[in-house]
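Fold and contact review
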Amino acid sequence: NAGVTQTPKFRVLKTGQSMTLLCAQDMNHEYMYWYRQDPGMGLRLIHYSVGEGTTAKGEVPDGYNVSRLKKQNFLLGLESAAPSQTSVYFCASSRVLTVNTEAFFGQGTRLTVV
Amino acid sequence: AQSVAQPEDQVNVAEGNPLTVKCTYSVSGNPYLFWYVQYPNRGLQFLLKYITGDNLVKGSYGFEAEFNKSQTSFHLKKPSALVSDSALYFCAVRDNAGNNRKLIWGLGTSLAVNP
């Protein structure tokens, strides 16, 4: 089982460049999430989706956009990258929808903005 | 406000000794509590969860956690630590009051098991 797959695994961007991170899950999960992980700050939710065609803002949405055109994919876009967006990004998914369902995580994307 | 605290940034234990990673929480309703582990350069993996019922929850890799409502704690434990348990551990809580489906995460505790 592939589970949650993120691409790319590593990327270096110059300030002002754009890129898209792709997350794909093969578990037919309704919910998908994008987090960033920074030292001393734990996991912070950027955006999430409760189903195909829906997106919602998390704790730190500024500078990011997302799309969920297909149930299995959740894309995270950076339109104009900034050094403050240097981080490790994790995608996760979970079933609907009881509050007691656990999330499944991808292996992360390490992004450096120079 | 909902919150999760992991009071120790790092825990060091000797292999074979028992380990405890602490977690306390604050929610407005009844909590759903989770522990995740992150090995180096990997994503988070689910370990165990408390929903209802027995206060002692058993999970993957020999880990267990004890829910204590009066102390609002959910400490992760293992009777005998392995070097391979060295990783970053995250506690998370979801408040079942209202329509919130988001997890509130602790900042993580780095566990180092020494041979």
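Before reading on, note that the structure itself is shown above.
Residues numbered from 1 in each chain as written. Chains lettered and ligands numbered in written order. Predicted model: local features only at pLDDT ≥ 70, side-chain atom pairs only at ≥ 80, totals over all residues. Heavy atoms only, no water.

Let us now look at the pairing of strand E10 (residues 87-95) of chain B. Residues and elements named next belong to chain B. With 8 of 9 residues buried, E10 is to be regarded as a mostly interior element. Pairing of strand E5 (residues 31-38) with E10 involves 8 bridges; the strand directions are antiparallel. Residue Trp 35 lies in a different strand from E10, and its bridge partner there is Cys 91. In the sheet, E10 pairs with strand E11 (residues 104-105) via 2 bridges, with the strands oriented antiparallel. What sits directly across from Ala 92, in E11, is Trp 105. (Buried < 20%, exposed > 50% of the residue type's maximum accessible area, 1.4 Å probe, protein only. Helix = DSSP H or I, 4+ residues; strand = E, 2+ residues; numbered from the N terminus. Pairing = 2+ DSSP bridges.)

Residues and elements named next belong to chain A. Among the 8 residues in strand E9 (residues 87-94), 8 count as buried, and that is most of the element. Burial of E9 is two-sided: the residues Ser 87, Tyr 89, Cys 91 and Ser 93 facing one way and the residues Val 88, Phe 90, Ala 92 and Ser 94 facing the other way are all buried. The pairing of strand E4 (residues 31-38) with E9 spans 7 bridges and is antiparallel. Among the inter-strand pairings, Tyr 35 is bridged to a residue of E9, identified as Phe 90. Of the strand pairs in this sheet, E9 and strand E11 (residues 109-113) are connected by 3 bridges, and their pairing is antiparallel. Looking at E11, one finds that Tyr 89 is bridged to Thr 109. Summarising the sheet, E9 and strand E10 (residues 104-105) pair through 2 bridges and their orientation is antiparallel.

Counting 28 residues, the largest nonpolar core has Trp 35, Leu 47, Leu 48, Phe 74, Leu 76 and Tyr 89 of chain B as the members making the most contacts within it. Only strand E2 (10-14), strand E3 (19-21), E5, strand E6 (44-50), strand E8 (64-68), strand E9 (73-78), E10 and strand E12 (109-114) of chain B provide two or more residues apiece to this core. Core analysis: the next-biggest nonpolar cluster, separate from the first, contains 19 residues, Tyr 35 of chain A together with Tyr 36, Phe 90 and Trp 105 of chain B among them. (Core = buried A, V, L, I, M, F, W, Y, C linked by side-chain atoms within 4.5 Å.)

Reports often express the size of an interface as the amount of accessible area lost when the parts come together. Each side of the interface is counted separately: chain A has 22 residues, and chain B has 22 residues. Interface of chain A and chain B: buried area, both sides summed, is about 1800 Å²; carbon and sulfur atoms make up 55% of it. One salt bridge connects Lys 49 of chain B with Glu 102 of chain A, and the closest N-O pair in it is separated by 2.9 Å. Between chain A and chain B we count 4 residue pairs in polar contact (both at pLDDT 80 or more) in total. Elements represented by at least two residues in the side of chain A that touches chain B include exactly E4 and strand E5 (42-49) of chain A. In terms of residue class, the side of chain A that touches chain B is built from 12 nonpolar, 8 polar and 2 charged. (Contact = heavy atoms within 4.5 Å. Buried area = accessible area lost by both parts, 1.4 Å probe. Salt bridge = Lys/Arg side-chain N within 4 Å of Asp/Glu carboxyl O. Polar contact = N/O pair within 3.5 Å; in protein donor to acceptor, adjacent residues only side chain to side chain. Nonpolar A, V, L, I, M, F, W, Y, C, P; charged D, E, K, R; others polar.)

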